[in-house]
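These are the residues of each chain, in order.
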Amino acid sequence: MTAMISLNGVSYRYKDASRPALSDVTLTIARGNWLTVVGRNGSGKSTFGRLLNGLFLPTEGEVIVDGLLTSDEHQRWSIRQKVGIVFQNPDHQFVATTVRDDIAFGLENLGLDRAEMRTRIERYAQLIGLTSLLDEEIDHLSGGQKQRVAIAGVFAMEPDVIVFDEATSMLDPIGRKEVLQTMKRLHEIGCTIVSITHHMDEAFYGNRVVVFHDGKIIADRSPRDVFFDDALLFKAGLEEPFVVQMQKMLERRGISFTKRCVTEEELISELWRSFLAE
Ligand code: ADP
Ligand code: MG
């Protein structure tokens, strides 16, 4: 496993706060991984996300991105290029009027020449399905489209990692699906994904779930292991994903399952198996 990001004994305390928002967090994120971060409001998820690209610097401990220490100010620029963040509210992320200009803005800071900028804008707009919207005004787009513009802006910088901090939470179901499909595509082409979310079903896109509680990591396991652990869910104030809720409800009604289902397909095939066995 090659470490993309490592946190060693990281704590973070906001100015004047009586207690740390994050305490003694140690974690390694492998290159190409899809990590889901969950936990109730105030548990430290956003603070964690902002530590990953040096937007925040640890009060204690260290964060290492691809071999670079985030606290080394000479590396700050390289680190910001390696780790991009997409925030909750797409409207707070734009600087230009049109889609094309907004993506271009980030690239100008990289010092690319015009031709290379144009190539990158076209390439990433196509990848994210925004080609037909490049000359649209951002104000005229739907929430899901806006969030995809924000993602294209981050992705055009060719980062290794993208942190999504509740990036789907302000979107309607269609917009959410669009953004999730985009995340999936980026992951398939090798991007490391850190997805902070309160939609538990999104955890099944990845293979690892980290649960925060009072600024600490209280579990770091596969989605299946997290969502079938009732005591953990209760402690961390997490809901079960829909499929898990269904399975538990059906079990209470006497239907037996041979495994823990995490997709609707698995649930349906288990129901068929149980039905045919009767
Ligand atoms: P989450 O994203 O899980 O909701 P946050 O990382 O935003 O959690 O917050 C973690 C803790 O830090 C909370 O107790 C919150 O109140 C506190 N906190 C967040 N932002 C600030 C801030 N700017 N100043 C002081 N305390 C903050
Ligand atoms: Mg947050």
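A quick note: this is a predicted structure, and the numbers were derived from the prediction, not measured.

K.L.:
I would appreciate a short explanation of the nonpolar core in the present structure.
P.N.:
Within soluble globular proteins, side chains that are nonpolar generally end up buried alongside one another. Residues Val86, Ile162, Phe164 and Leu186 are the most contacted members of the largest nonpolar core, which totals 36 residues. Elements with a contribution of two residues or more to this core: helix 3 (99–108), helix 4 (114–127), helix 5 (143–155), strand 7 (161–165) and helix 6 (173–188). Top element by residues in this core is helix 5. It accounts for six residues. Setting aside anything within four residues of it in sequence, one finds Leu186 in contact with Leu127, Ile151, Phe155, Ile162, Phe164, Cys191 and Ile193. The next biggest cluster of nonpolar side chains, apart from the first, holds 27 residues, and it includes Ile5, Val10, Val65 and Val210.

K.L.:
I would appreciate a short explanation of the site of ligand 1 in the present structure.
P.N.:
Near ligand 1 you find Tyr14, Ala21, Arg40, Asn41, Gly42, Ser43, Gly44, Lys45, Ser46 and Thr47, and these make up its full shell. Gly42 places a main-chain nitrogen or oxygen 2.7 Å from an oxygen atom of ligand 1. A distance of 3.1 Å separates an oxygen atom of ligand 1 from a polar atom in the backbone of Gly44. Coverage of ligand 1 by the protein amounts to 57% of the 560 Å² it exposes when considered alone. Residue composition of the shell around ligand 1, by class: two nonpolar, six polar and two charged.

K.L.:
What should I look at first to understand the side chain of Thr197 in this one?
P.N.:
As for its position among the elements, Thr197 is in the loop between strand 8 (192–196) and strand 9 (208–213). A polar contact is formed between the side chain of Thr197 and the side chain of Glu202, at a distance of 2.9 Å. Here Thr197 is in contact with Thr36, Val37, Val38 and Glu202, once residues within four sequence places are set aside.

K.L.:
Looking at this structure, I do not really get unusual backbone geometry. What am I missing?
P.N.:
Backbone geometry follows two general trends: most residues other than glycine have a negative phi, and most peptide bonds adopt the trans configuration. We note that Asp24 has phi near 50°; this positive angle belongs to a residue other than glycine. Within the secondary structure, Asp24 is located in strand 2 (residues 22–30). Owing to a relative accessible area of 57%, Asp24 belongs among the exposed residues under this scheme. You will see that Asp214, though not glycine, has its phi angle at about 50°, which is positive. Tracing the sequence through the fold places Asp214 in the loop between strand 9 and strand 10 (216–221). Taking relative accessible area as the criterion, Asp214 reaches 44% and is therefore assigned partly exposed.

K.L.:
Help me understand a nonpolar patch on the surface in this model?
P.N.:
A contiguous nonpolar patch, built from Ile268, Trp272, Phe275 and Leu276 and spanning about 490 Å² of accessible area, is present on the exposed surface. Along the chain, Phe275 falls in helix 10 (residues 264–277). By relative accessible area, which is 52% here, Phe275 ends up exposed.

K.L.:
Honestly, the packing of aromatic side chains in this entry has me stumped. Any pointers?
P.N.:
Each aromatic ring pair is characterised by the separation of its centres together with the angle its planes make. Per the counting criterion, the structure on display carries eight aromatic pairs. Relative to Phe212, the ring of Phe48 has its centre 5.1 Å away and its plane inclined at 50°; by these criteria the two rings are tilted. In this pair, Phe48 sits in helix 1 (residues 45–51) while Phe212 sits in strand 9, placing the two residues 164 residues apart along the sequence. The two residues Phe48 and Phe212 agree in class, both being buried. Through successive ring pairs, a cluster of aromatic residues spans Tyr12, Tyr14 and Phe56.

K.L.:
What should I look at first to understand the layout of surface pockets in this one?
P.N.:
Unoccupied space between atoms shows up once a probe the size of one water molecule is rolled over them. In this structure, the largest pocket occupies an estimated 620 Å³ of space. If you trace the largest pocket, you find 23 residues lining it, with Ile85, Gly106, Gly153, Val154 and Met157 closest to the centre. Put simply, the parts of the chain that give the lining of the largest pocket at least two residues each are helix 2 (76–82), strand 6 (83–86), helix 3 and helix 5. Classifying every residue of the lining of the largest pocket by side-chain character gives 13 nonpolar, eight polar and two charged. Of the voids in this model, the second largest pocket is the one considered here, and its volume is about 470 Å³. Lining of the second largest pocket is provided by 16 residues; of these, Arg176, Asp201, Glu202, Tyr205 and Glu264 occupy positions nearest its centre. Secondary-structure elements contributing two or more residues to the lining of the second largest pocket are helix 6, helix 9 (242–252) and helix 10.

K.L.:
I'm lost on the side chain of His213 in this one. Help?
P.N.:
Relative to the helices and strands, His213 is located in strand 9. With relative accessibility at 15%, the residue His213 sits in the buried group. Beyond its immediate stretch of four places on either side in the chain, His213 contacts Arg40, Ser43, Ile218, Lys235 and Ala236.

K.L.:
What's the story with empty space enclosed by the protein in this structure? I'm lost.
P.N.:
In this structure the tally under the stated criterion is one cavity of 30 Å³ or more. Lining of the largest cavity is provided by Phe164, Glu166, Ala167, Thr168, Met183, Ser195, Ile196, Thr197 and Glu202. The residue inventory of the lining of the largest cavity, partitioned by class, reads four nonpolar, three polar and two charged.

Criteria and cut-off values
Residues numbered from 1 in each chain as written. Chains lettered and ligands numbered in written order. Predicted model: local features only at pLDDT ≥ 70, side-chain atom pairs only at ≥ 80, totals over all residues. Heavy atoms only, no water. Core = buried A, V, L, I, M, F, W, Y, C linked by side-chain atoms within 4.5 Å. Buried < 20%, exposed > 50% of the residue type's maximum accessible area, 1.4 Å probe, protein only. Helix = DSSP H or I, 4+ residues; strand = E, 2+ residues; numbered from the N terminus. Contact = heavy atoms within 4.5 Å. Near = heavy atom within 4 Å. Polar contact = N/O pair within 3.5 Å; in protein donor to acceptor, adjacent residues only side chain to side chain. Areas by Shrake-Rupley, 256 points an atom, 1.4 Å probe, with all protein chains shown as cover. Nonpolar A, V, L, I, M, F, W, Y, C, P; charged D, E, K, R; others polar. Patch = residues over 30% accessible without salt bridge, like charges linked within 9 Å, V, L, I, M, F, W, Y side chains within 5 Å. Salt bridge = Lys/Arg side-chain N within 4 Å of Asp/Glu carboxyl O. Phe/Tyr/Trp six-rings, centres within 6.5 Å; stacked < 30°, edge-to-face > 60°. 1 Å grid on protein atoms, 1.4 Å probe; cavity = no way out; pocket = protein on both sides within 12 Å on 5 of 7 lines; lining within 4 Å. Points joined across faces, edges and corners; volume = space filled by probe spheres on them.

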